[in-house]
Amino acid sequence: MAATAPALVVVGVMMTSAFKEVDWANFSEAVPAFFAGLFMALCYSISYGIAAGFIFYCITKICKKQAKQIHPILWVATILFVINFVLLAII
């Protein structure tokens, strides 16, 4: 257990350093990136953060009427993440 702590700190630093590469002026990129990082931190789960990023990316594109720019694979992954969250809430 003690050997994994330094590795987790290094991974966390690498993940947060990627935030400087986000185009914060672009709403369609900033919102999903923000919520992905927030969910990763609050849920202690990288997969939940990725799911939040996918979901908010689709939501922002839909709100900006750019839904046709979303790749079909991203639609499928987002729908599966939403189904997963709904099932976790029910069970």
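Quick look at the structure, then.

About the cut-offs
- Residues numbered from 1 in each chain as written.
- Predicted model: local features only at pLDDT ≥ 70, side-chain atom pairs only at ≥ 80, totals over all residues.
- Heavy atoms only, no water.
- Helix = DSSP H or I, 4+ residues; strand = E, 2+ residues; numbered from the N terminus.
- Buried < 20%, exposed > 50% of the residue type's maximum accessible area, 1.4 Å probe, protein only.
- Contact = heavy atoms within 4.5 Å.
- Areas by Shrake-Rupley, 256 points an atom, 1.4 Å probe, with all protein chains shown as cover.
- Disulfide = S-S within 2.5 Å.

Notes on the overall build of the chain
Assigned secondary structure in the chain consists of four helices and zero strands. What you see in the chain, going N to C, is helices and strands ordered as α-α-α-α. On the principal axes, the C-alpha backbone points of the chain span a range of 45 × 40 × 20 Å. For the chain, the residues scored as buried account for 22% of the 91 residues in total. For the chain, long-range pairs separated by at least 24 residues make up 40% of all intrachain contacts whose partners lie at least 6 apart in sequence. Accessible surface for the chain amounts to roughly 6600 Å². Of this, 77% is attributable to carbon and sulfur atoms.

Some words on the state of the cysteines
As enumerated under the stated definition, the model contains zero disulfides in all. Left unpaired, C58 is separated from the closest cysteine sulfur, that of C63, by 11 Å. With relative accessibility at 3%, the residue C58 sits in the buried group.

Structural notes on the environment of F19
Topologically, F19 is positioned in the loop between α1 (4-17) and α2 (27-43). For the pair F19 and G37, spaced 18 residues apart in the sequence, the C-alpha separation amounts to 8.8 Å. In this view, F19 contacts W24, A33 and G37; residues no more than four positions away in its chain are not counted.

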